[in-house]
Amino acid sequence: MKIENIELRHTKMELVSPFETSLGVELYEEHIMVRIDSEGLSGWGEVVVEPSPSYSSETLTTAWHVLSDFIIPSLLGKNFPGLQSALNQFAWIRGHRMARAGVEAALADAFAKSKGIPLSQFLGGTRKRVPVGVSVGLQASPEKLVDVIGAYLDDGYKRIKIKIAPGRDITLVQAVRKAYPHIILQVDANSAFTLEDAPMLKELDNYNLQLIEQPLGYDDIFEHSILQKQLKTAICLDESIRNLSDTKVALALGSCKNINIKPGRTGGYTEAIKIHDYCASMGIPVWHGGMDESGIARGGNVALASLPNFSLHGDISASKRYYKKDIVIPEFSINKEDSTMSVPDKPGIGVDIDFKELEKVTVKKASFSP
Ligand code: OSB
Ligand code: MG
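So, a few notes on the structure that sits alongside this text. In this text, all values refer to a predicted model and were calculated from it rather than measured experimentally.

### Some remarks on the packing of aromatic side chains
Thinking step 1. Counted according to the given criterion, the structure contains four aromatic pairs.
Thinking step 2. Consider the rings of Phe 70 and Trp 92, whose centres lie 6.0 Å apart with planes at 80°: the pair is edge-to-face. Linking Phe 70 in helix α1 (residues 60–75) with Trp 92 in the loop between α2 (83–88) and α3 (97–115), this pair joins segments that are 22 residues apart in sequence.
Thinking step 3. On the basis of relative accessibility, which here comes to 35%, the residue Phe 70 falls in the partly exposed class.
Thinking step 4. Across from the ring centre of Tyr 28, 4.5 Å away, lies the NZ or CZ of Lys 12, which sits over that ring.
Thinking step 5. The lysine or arginine in question, Lys 248, covers the ring of Tyr 278, its NZ or CZ lying 5.5 Å from the ring centre.

### Looking at the site of ligand 1
Thinking step 1. Taken together, 17 residues lie near ligand 1, and Ser 135, Lys 163, Asn 190, Asp 292 and Tyr 322 sit nearest.
Thinking step 2. Contact distances for ligand 1 include 3.0 Å between an oxygen atom and a side-chain N or O atom of Lys 161.
Thinking step 3. Residue Asp 292 places a main-chain N or O atom 2.8 Å away from an oxygen atom belonging to ligand 1.
Thinking step 4. A total of 390 Å² of accessible area belongs to ligand 1 in isolation, and the protein chains cover 98% of it.
Thinking step 5. Classifying every residue of the shell around ligand 1 by side-chain character gives four nonpolar, three polar and 10 charged.
Thinking step 6. Looking at which domains feed residues into the shell around ligand 1, each of domain 1 (5–116 + 354–368) and domain 2 (122–342) supplies at least three.

### Some remarks on the pairing of strand β1 (residues 5–21)
Thinking step 1. By the bridge criterion, 13 bridges tie β1 to strand β2 (residues 24–38) in an arrangement that is antiparallel. Its bridge partner lying in β2, Ile 6 is registered against Ile 36.
Thinking step 2. Turn length for the β1-β2 hairpin, with the two strands adjacent in sequence and antiparallel, is two residues.
Thinking step 3. In the sheet, β1 pairs with strand β15 (residues 362–368) via six bridges, with the strands oriented antiparallel. In the strand pairing of β15, Leu 8 is matched with Ala 366.

### Topic: the sheet that holds strand β7 (residues 184–188)
Adjacent strands of a sheet form backbone hydrogen bonds with each other and so pair up, either parallel or antiparallel.
Thinking step 1. Judged by pairing direction, the sheet is parallel, and its seven strands sit side by side in the order β5-β6-β7-β8-β9-β10-β11 without closing on themselves. Taken across any chain shown, the strands that pair with only one partner, and hence form the sheet edges, are β5 (134–136) and β11 (286–288).
Thinking step 2. Pairing of β5 with strand β6 (residues 159–163), which is carried by three bridges, proceeds in the parallel orientation. Across the sheet, Val 136 pairs through a bridge with Ile 162, a residue of β6.
Thinking step 3. In this fold helix α6 (residues 170–179) packs onto β6 and β7, with an angle of close to 155° to the strand it touches most, β6.

### Considering the environment of Arg 298
Thinking step 1. Mapped onto the elements of the fold, Arg 298 is located in helix α12 (residues 295–304).
Thinking step 2. Taking the relative accessible area as the measure of exposure, Arg 298 reaches 0% and is therefore buried.
Thinking step 3. Separated by 34 residues in the primary sequence, Arg 298 and Phe 332 have C-alpha atoms spaced 7.9 Å apart.
Thinking step 4. Among the polar contacts listed, one links the side chain of Arg 298 to the backbone oxygen of Glu 293, at a separation of 2.6 Å.
Thinking step 5. At 3.5 Å, the side chain of Arg 298 and the side chain of Tyr 322 are in polar contact.

### Concerning the pattern of salt bridges
Thinking step 1. Following the criterion strictly, the structure yields 21 salt bridges and no others.
Thinking step 2. With a closest N to O distance of 2.9 Å, Arg 35 and Asp 37 form a salt bridge.
Thinking step 3. In this structure Asp 37 comes out as buried when scored by relative accessible area, which is 16%.
Thinking step 4. Between Asp 238 and Arg 265 there is a salt bridge whose closest N-O contact spans 2.7 Å.

What counts and what doesn't
- Residues numbered from 1 in each chain as written.
- Chains lettered and ligands numbered in written order.
- Predicted model: local features only at pLDDT ≥ 70, side-chain atom pairs only at ≥ 80, totals over all residues.
- Heavy atoms only, no water.
- Phe/Tyr/Trp six-rings, centres within 6.5 Å; stacked < 30°, edge-to-face > 60°.
- Helix = DSSP H or I, 4+ residues; strand = E, 2+ residues; numbered from the N terminus.
- Buried < 20%, exposed > 50% of the residue type's maximum accessible area, 1.4 Å probe, protein only.
- Lys NZ or Arg CZ within 6 Å of the ring centre and 35° of its normal.
- Near = heavy atom within 4 Å.
- Polar contact = N/O pair within 3.5 Å; in protein donor to acceptor, adjacent residues only side chain to side chain.
- Areas by Shrake-Rupley, 256 points an atom, 1.4 Å probe, with all protein chains shown as cover.
- Nonpolar A, V, L, I, M, F, W, Y, C, P; charged D, E, K, R; others polar.
- Domains from an automatic or database assignment.
- Pairing = 2+ DSSP bridges.
- Contact = heavy atoms within 4.5 Å.
- Axes fitted to C-alpha atoms, helices over the stretch in contact; angles between N-to-C directions.
- Salt bridge = Lys/Arg side-chain N within 4 Å of Asp/Glu carboxyl O.

Next comes the structure, spelled out in structure tokens:
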């Protein structure tokens, strides 16, 4: 496949409601869309970075820089027999995993389309539907949180994740459990706590949570192993797991019992699949995380989540849970009867780009040719 042209778009899409976590409040999602043109087709990817280095150390500006000055020049005008040979061109770059993942996504979409197969099949996926849930941000009050969750349950989501933060932890879990004693419930702290909070975290054992996501430091693995020994509830790592090596350390130390896999965080599908496969070999279930993506990345997420060990419900929700209007056709929706999302069966990411809508949300555009 010959890489003829690459286009970057900085996009800004308004969320249907503010998304608050222990890291701050988001009103908009600003990501970078990557389009790779090759032999009459286009592959699409999304760099799931944020404007500020809060969830990850990358920013919109660092990603734009690394893409335009290093990754894109390494690919332009070259001909690649397969995905790995293209990835090898920029494998020397350290870090910048979200930037790399957006390009790997666009390349994988292009290769799958050139073969005429769905991305799911290209990545080794085996399922037609993947179990999904919803990630609910911090709300103004516990009562409001209960109401917001009620609306998502009505929409068909059978797994609810709530964000917690210091001072907004046990009280929220108590309120939600009282209102909904039997739902699959899990919490995500985004690294807001320390080992000094162990007594409160131990109390969470009383609420039948599916898991506690990333309670401690964003780059910690060791202290999570100390905490996990004190808890009955499974710890799930998100931020701490960048690659297969981190996964091996975390499982060897007993730092977690589940892993949230996001291709943006791991530097792309290839590393994500290595983590998935290793976890499968160790009997550790994984699930697919989310970064409030547009439909472009969502198509990739659903495809990746169709691999067999993504057995827990993912943070993969319908387009309308995030945006009034998505930039793909058709938009993503869920199957209410079983809280799943259907894996598209058209070639590549399996959805078309809504160019009119994409143009509306584009803040800045750049085109690169050999
Ligand atoms: O920690 O899982 C997280 C969104 C942005 C950054 C980090 C996280 C999240 C979410 C949203 O929880 C998941 C989604 O896309 O629905
Ligand atoms: Mg998380």
